[in-house]
Amino acid sequence: MTLKALVIAASLALAPVAQAAPRVLSWDQCADQYVLALSPRSAIVGLSTRADDADSRLRALVRGLPQRRVSLETALAARPEVVVRYWGGDPRLVRAVTARGAKVVQIDEATDFAGVRANIRKVAAALRRSAAGEAVIADMDARLAHAAGAWGGLRGLYLTPGGVTAGSGTLVGAIMAAAGMANAETRSGFQALSLEQMALNPPGAVVLGFFDTVQATDAWAVGRHAVVRRIAHRRTVANLPGALLGCPEAGAALAAERLAAQARP
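Below is a short write-up of the structure. Predicted model only: the values in this text are computed from it and were never measured. (Residues numbered from 1 in each chain as written. Predicted model: local features only at pLDDT ≥ 70, side-chain atom pairs only at ≥ 80, totals over all residues. Heavy atoms only, no water.)

### Let's talk about the sheet that holds strand 4 (residues 103-106)
Stated precisely, the cut-off is as follows: Whether two strands pair comes down to DSSP finding at least two bridges between them. Think of it this way: any DSSP run of H or I at least four residues long counts as a helix, any run of E at least two long counts as a strand, and we number them from the N terminus. Simply put, an axis is a line fit to the C-alpha atoms, just over the touching stretch for a helix, and the angle between two N-to-C directions goes from 0 to 180 degrees. Any two residues whose heavy atoms approach within 4.5 Å are treated as being in contact.
Strand order in the open sheet formed by four strands is 2-1-3-4, and the pairing between neighbours is parallel. Each edge of the open sheet is held by one strand with a lone partner, namely strand 2 (44-46) and strand 4. Sheet twist, expressed as the mean angle between neighbouring strand axes with direction ignored, is 30°. For strand 1 (residues 24-26) and strand 3 (residues 82-85), the ladder comprises three bridges, and the chain directions are parallel. Bridging across to strand 3, Ser26 finds its partner in Val84. On top of the sheet, helix 2 (residues 29-38) reaches strand 1, strand 2 and strand 3; it is set at about 150° to strand 1, its chief contact.

### Some words on the state of the cysteines
Definition in use: Cysteine sulfur atoms that pair up within 2.5 Å are treated as a disulfide. Each residue's exposure class comes from its accessible area (1.4 Å probe, protein chains only) as a fraction of the maximum for that residue type: buried when under 20%, exposed when over 50%, partly exposed otherwise.
Inspection of the entire model under this criterion finds one disulfide. Disulfide partner of Cys30: Cys247, at an S-S distance of 2.0 Å. Its S-S torsion of approximately -85° makes the covalent link between Cys30 and Cys247 left-handed. Here Cys247 lies in the loop between strand 10 (236-240) and helix 10 (251-261) and Cys30 lies in helix 2, a separation of 217 residues in the sequence. Of the two residues, Cys30 and Cys247, neither departs from the other in class, the shared state being buried.

### Focus on the sheet that holds strand 5 (residues 155-159)
Taken together, four strands build an open sheet; the order of strands is 7-5-9-10 and the sheet is parallel. Because the sheet does not close on itself, it has two edges, and the strands there are strand 7 (182-183) and strand 10. Relative to strand 7, strand 5 runs parallel, the two being bridged by two bridges. Note that in strand 7 the partner of Gly156 across the bridge is Asn183.

### Notes on helix 9 (residues 226-235)
To keep it simple, the criterion reads: The directions considered for the arc are those from the helix axis to the C-beta atoms.
Those residues of helix 9 not exposed but buried are Val227, Val228, Ile231 and Ala232. Axial view of helix 9: buried residues confined to an arc of 115°, hence all on one face. In this structure, helix 9 carries His233 and Arg234 as exposed residues pointing more than 90 degrees from its buried face. Contact partners of the buried residues in helix 9: strand 5, helix 8 (195-200), strand 9 (205-209) and strand 10.

Structure follows, in structure tokens:
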């Protein structure tokens with residue numbers, strides 16, 4: 001064996017062995033999106049029972065993976081090293097699982113894309129998949145760059161079937177801004193639609209959200225009003241699916257990209 005070969009062999013022998021991805025359990029639909037995007041399938045010991053619902057963005061990846069109810073019994077049976085949650089599991093269950101040696105990773109509320117990036121990095125680090133996390137962030141940022149400025153500052157109003165709008169301090173507001181749309185809702189947070197404001201100062205565009213999650217025959221309370229029907233009919237520019245809006249995760253960049261696409265031929 002040559003001296004060069006001996007040096008290479010010695011360096012390989014001294015190199016740290018890569019740690020295997022930890023066994024991971026997800027407790028809710030939003031956590032599912034992170035686990036499916038970041039963890040190897042072989043390490044996923046459980047997803048939520050809603051992982052394959054129509055409003056789950058990565059539902060196509062669920063087939064063949066176990067889905068488990070949120071309980072201490074199912075957690076003990078799955079033997080996870082890491083549990084990922086957004087809203088699933090109450091504090092007592094979190095304490096019980098932690099006491100048995102599992103690490104519980106809490107996905108934080110994100111009202112902008114910086115918050116989404118922080119969540120991705122947090123979960124990726126816990127799953128020993130930081131490189132995968134950076135790849136997800138790079139894809140997200142590329143989509144945001146593609147969407148940037150598309151609407152040129154046009155005033156847009158977000159609207160759900162229940163008549164809820166989104167102002168500043170919401171991820172929906174960040175999605176609209178990412179596509180170059182000014183928010184017609186001047187109040188912060190999620191608010192009930194003001195019919196008076198809509199009539200007196202109608203938006204240049206209406207962005208619908210979650211309309212794919214209701215049946216055409218379902219009651220749309222605020223939509224019964226003639227003013228809303230007329231403006232929404234004339235000025236709706238995008239109908240964003242609930243799967244891109246329901247969780248503070250990378251799917252929000254897909255929503256921004258889809259909204260931006262409607263501004264271009």
